[in-house]
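# Structural description and commentary
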Amino acid sequence: MWRRAVSVSHFTFAHKSIAHNKDVCKLKFWETFTTETPMKEKGTFQRDKTPFITFVLGGPGSGKGTQCMKIVENFGFTHLSAGDLLRREIASNSADGTMILNTIKEGKIVPSELTVRLIQKEMESSDNYKFLIDGFPRSEENRIAFEQIMGVEPDVVLFFDCPEDEMVKRVLNRNQGRVDDNIVTIKKRLKVFDALNLPVVKYYMEKGKLYKIRAVGSVDEIYKQVYPVFASLNFEQQVRE
Ligand code: ADP
Ligand code: C5P
Ligand code: MG
């Protein structure tokens with residue numbers, strides 16, 4: 001249950017109620033991750049920095065990962081692809097590996113808590129404070145699970161809007177050996193995307209956080225729409241233009 005939302009400059013925190021409903025409005029971001037182990041014992045997360053979280057939305061093959069690489073290069077973000085984290089779980093033979101693999105093969109959504117915990121672990125152990133969370137949230141359930149577990153909201157949401165036929169073409173040409181990059185699974189993924197993505201987009205549009213990018217044309221043409229979103233934020237770690 002949410003206690004209150006506190007706006008800090010351009011960041012919005014939504015702190016949830018933890019530990020016997022005691023007042024948590026003064027908790028800092030790292031303290032909202034868990035009630036058990038203080039962050040300082042878990043990783044090197046920069047406690048003096050407010051996190052800056054960008055969610056990256058878009059259908060399969062819309063170019064999320066490709067554009068994220070360019071944002072990382074220019075603005076020093078840490079790129080966390082939810083799909084990559086799930087594939088890493090499969091590769092590491094984790095207890096959930098088989099379930100994740102079957103879900104991905106079917107183009108369905110992995111239970112939200114599992115995905116959020118993987119993202120949480122990466123964020124907690126990072127020494128960065130700027131995160132691109134790519135391919136997440138895929139659904140309202142994903143979104144709500146993130147807010148509840150992490151106690152924070154994104155600052156910026158990018159939505160790569162791409163026609164279906166272009167996405168299909170790109171995915172079929174991706175050639176990364178992915179089990180889900182075949183026409184049967186792509187059709188299922190597009191159906192899931194159509195059914196679940198719009199409410200997420202609408203939610204963030206109404207909050208004034210959504211940047212819709214027309215994801216057609218060359219990689220550089222698309223990035224011309226993305227760059228100003230971050231350039232206007234004046235990060236001190238902006239490395240290359
Ligand atoms: P997503 O992460 O959204 O699934 P990717 O970034 O992996 O998409 O891109 C899917 C495929 O399309 C990749 O092979 C990538 O190199 C290619 N690609 C990305 N952007 C473009 C573009 N603007 N035009 C043509 N191909 C692209
Ligand atoms: O984003 P990407 O294309 O790498 O995702 C691959 C698959 O991983 C999705 O089709 C879905 O099965 C799973 N996934 C998920 N939940 C997310 C992100 C990805 O279940 N938030
Ligand atoms: Mg991707």
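Description of the structure in this document. (Residues numbered from 1 in each chain as written. Chains lettered and ligands numbered in written order. Predicted model: local features only at pLDDT ≥ 70, side-chain atom pairs only at ≥ 80, totals over all residues. Heavy atoms only, no water.)

### Some remarks on the pairing of strand 3 (residues 52-58)
Strand 3 sits mainly inside the fold: seven of its seven residues count as buried. The two faces of strand 3 match: Phe52, Thr54, Val56 and Gly58 on one face and Ile53, Phe55 and Leu57 on the other face are all buried. Where strand 3 and strand 6 (residues 156-161) come together, four bridges link them in parallel fashion. Bridged to Phe55 within strand 6 is Val157. (Buried < 20%, exposed > 50% of the residue type's maximum accessible area, 1.4 Å probe, protein only. Helix = DSSP H or I, 4+ residues; strand = E, 2+ residues; numbered from the N terminus. Pairing = 2+ DSSP bridges.)

### Remarks on helix 8 (residues 219-231)
Over its 13 residues, helix 8 runs 18 Å from end to end, which matches the ideal 18 Å to within 8%, given 1.5 Å per residue. The sharpest bend along helix 8 reaches about 30° and sits at Gln225, with the proline Pro228 one to four residues further on. Three or more residues of helix 8 are buried, namely Ile222, Tyr223, Val226, Val229 and Phe230. (Expected span 1.5 Å × (residues − 1). Bend = angle between axes of the 7 residues up to and from the residue.)

### Looking at helix 1 (residues 64-75)
For helix 1, spanning twelve residues, the distance from its first C-alpha to its last is 16 Å, which sits close to the expected 16 Å at 1.5 Å a residue. Considering only its buried residues, helix 1 is in contact with strand 3, strand 4 (78-81), strand 5 (130-134), strand 6 and helix 8. Immediately downstream of helix 1, the backbone of Gly76 shows phi near 65°, a positive value. (Contact = heavy atoms within 4.5 Å.)

Geometry only, nothing functional implied.
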